[in-house]
Amino acid sequence: MKKYILILFIFFFSYGYSQELINYYLSPEAISGTTEGTVLMLHTTFYYYNGAGYIDHNYTIDGQIITFKLCYALGSTLFHHFDKRVYEIILPDITGDYTFKMEYYNDYNNGNCLYETPHDTGIIDFTLPYEPTEKVEIEDAAFESYLEYLDFGDDVFGNGWVYKNRITNIRHINVAYTNNFFEMDGVVESLSTIGEFKSLKDLNVNNQLLTELNLEENTKLERVYCSGNMIENLNISNSLKLENLRCRNDELLQLDVSNNINLEKLNFSGNLIEEINLSNNIDLMELSIGQTSMSNLDLTNNINLEKFGISNTPLESLDVSNNINLYSIGVYDALLTNLNLIENNLLKYIDLENNILLEAVEISELNSIVTFYCRESEITELDLSLNPNLENVFLMSNNLNSLNIQNGNNENLELLLTLNNPNLFCVEIDEEGVSQPFQYVIDSQTEFSEDCSTPLPTPLLGVNNNSLQQISLYPNPVIDVLVIETQLPIKTIKVYNLQGKLVKEISSNKKIDVSGLATGMYFIKIESDDNSVTKKFVKL
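All of these numbers come straight from a predicted model, not from anything done at the bench.

With that settled, consider the overall build of the chain. Summing up its helical and strand segments, the chain has 3 helices and 39 strands in all. The C-alpha radius of gyration of the chain comes to 31 Å, more than 25% above the 24 Å expected for a compact globule of 540 residues. Across its three principal axes, the chain shows a C-alpha extent of roughly 105 × 45 × 45 Å. For the chain, the residues scored as buried account for 49% of the 540 residues in total. Put simply, the chain shows about 24800 Å² of open surface, and 46% of that area lies on carbon and sulfur atoms. Taking the average place of the 31 positive charges on the side chains of the chain and the average place of its 76 negative ones, the gap between the two points comes to 8 Å.

Written out as structure tokens, the structure reads:
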């Protein structure tokens, strides 16, 4: 019998900080002017994971053009760091106009930077003598403290000002995850001057107290994360490069992404949005919607969609026939009565939970399906005989009376769960026998057969099925010791949690110590040589 691992099938959309050069600026504080030239200081801040770090740098001066090349290795763990460095640049002149070109590389081999293709570039135009004094007001005290801690301010905490030259080239702002480095002075309530950050690519303001977010002037944005605020208005109309937008659990009434034609990932769960137009978002690959009042959703133009999840939404119909690249779909707590997936030949993962009106799902001949999860529906018949690559089938608490998993490849199946289907008496399988090549948890009345159209043989246990059903458990609910009351010989006893995970297994003992189990509902499967019965109990 195969060993198995029960995996909760959850749709998720990854987000976070990438390893990047997050800022650079030229500093006037260490300028020395002589008849022989000028010395400038370049400040850089790099965000990276463990195993990464600085490799090399060099610069050249060709007339009035300075080219500075910086190379970092990238790490592979989630332990992250800020690396701040200062470099000296010597210019031959004390006056004149210059262009500073920044080139960041992460292509390297055996510890040596190849300097072939820059990962990021930027330009600073300046005039010698270089004495930038222009400042930008930052009204929000917490946001100003964030900039000051990173040396992007004016070196004076709490005065509400930062030097403009220090913020002009900021690529990344992440006020959501600062505790590993410094404690910001409160939470951000306003980003009224965010438009001054013209080079901004990544913005993470999760779990702040923002009520609006106007990113109209941030035309280079690629990723925006603004979940857990109180945002009512979000303007991303000019963020044409935006690829990833995640704004969950805000108070958005509407969301306009019609101009964001490069959008690839979108999650706006937990808002007040009633409808959304995704017709222009052809490049969209990941979409997550939850806890909204949307009853209709048009995905016709989203032909590149690969991952789709929708939950706690009164969706009455769903057409994914055009989404031929879809490989995972999750629909939870919707009002669908049927779901047709026959055009989605690349589907590997299907998760349908608490769709209490769902009566039919069409997945025949979908060869790629690996995991099929369906719980709390009105489905009565399910034919999986044309799905040969199935590994996990979870069908708890439905209204099944017919199930066919005779797909010619039951050896590939790892786990079958059909608990709480009282009308399911037979599951059609590849080969009958005392044991199956897969783990299973089924109701006591359910049997396996190669042909469910013929009557099943009476199980042999020395007693009939009625006797099996007379097994009782007490006390139930139970605090520490659960007693099985029966005269039947018991071979093994297995206890499963609601997710189908085996949490306890014992042999030939009618008293079971459950004191170590967490509070909740469990299933206990009592097995003899040729038969079994499954019952519920509650652990207090």
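So much for the structure itself; the text now carries on.
A word on the packing of aromatic side chains. Following the criterion strictly, the structure yields 21 aromatic pairs and no others. Pairing Phe 46 with Tyr 72 gives two aromatic rings, centres 3.9 Å apart and planes at 10 degrees, and the pair type is stacked. Here Phe 46 is found in strand 2 (residues 37-49), whereas its partner Tyr 72 is found in strand 4 (residues 65-73), with 26 residues between them in sequence. Exposure remark for Phe 46: the relative accessible area of 0% places this residue in the buried category.

Next up on the list: the sheet that holds strand 30 (residues 426-428). Spatially, 4 strands are ordered 26-28-30-32 in an open sheet, and the strand pairing comes out parallel. The open sheet terminates on both sides in strands that have one partner only, identified here as strand 26 (381-383) and strand 32 (447-449). Ignoring strand direction, the axes of neighbouring strands in this sheet form an average angle of 20 degrees.

On to the sheet that holds strand 37 (residues 511-513). In a beta sheet, neighbouring strands pair by backbone hydrogen bonds and run either parallel or antiparallel. Spatial strand order, 33-34-37: 3 strands in an open sheet with antiparallel pairing. The outermost strands of the open sheet, each flanked by one partner alone, are strand 33 (472-474) and strand 37. Here the average twist between neighbouring strands, direction ignored, is 25 degrees.

A few words on a negative patch on the surface. Residues Glu 411, Glu 431, Glu 432, Glu 450 and Asp 451 make up a contiguous surface patch of negative charge. With respect to the element layout, Glu 432 can be found in the loop between strand 30 and strand 31 (439-441). Given a relative accessible area of 43%, Glu 432 falls into the partly exposed group.

Here the focus is the nonpolar core. In this structure, Phe 143, Leu 234, Leu 245, Phe 308 and Phe 372 are the most contacted members of the largest nonpolar core, which totals 94 residues. Broken down by element, the residue count for this core peaks at 4 residues, all from helix 1 (residues 141-149).

With that settled, the discussion passes to the pattern of salt bridges. One pass over the structure, following the stated rule, counts 12 salt bridges. Linking Asp 151 and Lys 84 is a salt bridge whose minimum nitrogen-to-oxygen distance equals 3.3 Å. Note that Asp 151 is positioned in the loop between helix 1 and strand 11 (161-163) and Lys 84 in strand 5 (residues 80-91), a separation of 67 residues in sequence. The exposure class assigned to Lys 84 is partly exposed, which follows from its relative accessible area of 38%. For Glu 134, the salt bridge goes to Lys 164, with nearest N and O atoms at 3.6 Å.

Turning next to the state of the cysteines. Applying the stated criterion across every chain yields a total of 3 disulfides. In this model, Cys 71 is linked to Cys 113 through a disulfide, with the two sulfur atoms separated by 2.2 Å. Between Cys 71 and Cys 113, the S-S dihedral sits near 95 degrees, and the bridge is therefore right-handed. Taken together, the positions of Cys 71 in strand 4 and Cys 113 in strand 8 (residues 112-113) put the pair 42 residues apart, joining distant regions of the chain. Residue classification places Cys 71 among the buried residues on the basis of a relative accessible area of 0%. In this structure Cys 113 comes out as buried when scored by relative accessible area, which is 14%. Linked covalently through their sulfurs, Cys 226 and Cys 247 form a disulfide whose S-S length is 1.6 Å. Across the disulfide from Cys 226 to Cys 247, rotation about the S-S bond amounts to roughly 90 degrees, and the bridge is consequently right-handed.

Mapped onto the elements of the fold, Glu 222 is located in the loop between strand 14 (212-214) and strand 15 (223-225). Separated by 249 residues in sequence, Glu 222 and Ile 471 place their C-alpha atoms 61 Å apart. Setting aside residues no more than four positions away along its own chain, Glu 222 makes contact with Lys 201, Lys 241, Leu 242, Glu 243 and Asn 244. Among the polar contacts listed, one links the side chain of Glu 222 to the side chain of Arg 223, at a separation of 3.3 Å.

This next bit is on the confidence of the model for the chain. Here the chain averages 88 in pLDDT, while 90% of its residues score no lower than 70. Note that residues 455-468 has pLDDT below 50 and, in this model, 21 contacts with residues that lie over four places away or in other chains.

So, on to unusual backbone geometry. For the bond running from Leu 128 to Pro 129, omega is -5 degrees, close enough to zero to count as cis. Along the chain, Pro 129 falls in the loop between strand 9 (120-128) and strand 10 (135-137). With an omega of 15 degrees, the peptide bond between Asn 476 and Pro 477 qualifies as cis. You can see Pro 477 is positioned in the loop between strand 33 and strand 34 (481-485). Positive phi is not limited to glycine here, since Gln 291 has a value of about 55 degrees. You can see Gln 291 is positioned in the loop between strand 19 (286-290) and strand 20 (307-311).

The rules behind the values
- Counting of residues starts from 1 at the beginning of each chain's written sequence and follows it residue by residue.
- Whole-chain, interface and lining totals are the exception, using all residues; otherwise, since this is a predicted model, local features are given only for residues with pLDDT of at least 70 and side-chain atom pairs are given and counted only at 80 or more.
- Just so you know, side-chain values use all the structure's heavy atoms and leave hydrogens and water out.
- Secondary structure elements follow DSSP: runs of H or I no shorter than four residues count as helices, runs of E no shorter than two count as strands, and numbering proceeds from the N terminus.
- As defined in this context, the radius of gyration uses C-alpha atoms, and a globule is described by 2.2 Å times the residue total to the power 0.38.
- Throughout, exposure labels follow a simple rule: accessible area from a 1.4 Å probe, protein chains only, divided by the maximum for the residue type, with under 20% read as buried, over 50% as exposed, and the rest as partly exposed.
- Using the Shrake-Rupley algorithm and a 1.4 Å probe, accessible areas are obtained, with residue cover drawn only from the displayed protein chains.
- Charge counting treats Lys and Arg as positive and Asp and Glu as negative, with His and both chain ends excluded.
- Each charge is placed at NZ for Lys, CZ for Arg, CG for Asp and CD for Glu.
- The rule is short: rings of Phe, Tyr and Trp, with Trp giving its six-membered ring, pair when the centres are within 6.5 Å, and they are stacked under 30 degrees, edge-to-face over 60, tilted in between.
- The pairing criterion is simple: DSSP has to find at least two bridges between the two strands.
- For helices, the fitted axis covers only the stretch in contact; all axes are lines through C-alpha atoms, and the angles between them, taken along N-to-C directions, range from 0 to 180 degrees.
- Patches here are clusters of residues that have more than 30% relative accessible area and form no salt bridge, with a 9 Å joining cutoff for like charges and a 5 Å cutoff for nonpolar side chains (Val, Leu, Ile, Met, Phe, Trp, Tyr).
- By definition here, a salt bridge exists when the distance from a side-chain nitrogen of Lys or Arg to a carboxyl oxygen of Asp or Glu is within 4 Å.
- Here, nonpolar core refers to any group of buried Ala, Val, Leu, Ile, Met, Phe, Trp, Tyr and Cys residues whose side-chain atoms link them within 4.5 Å.
- For the purposes of this analysis, a disulfide is any pair of cysteine sulfur atoms at a distance within 2.5 Å.
- A contact between two residues is defined here by any heavy atoms of the two lying within 4.5 Å.
- Polar contact criterion, stated in full: a pair of N or O atoms within 3.5 Å, where within protein one must be able to donate a hydrogen and the other to accept it, and residues adjacent in sequence count only if both atoms are side-chain atoms.
- Per-residue confidence from the predictor is given as pLDDT, running between 0 and 100.

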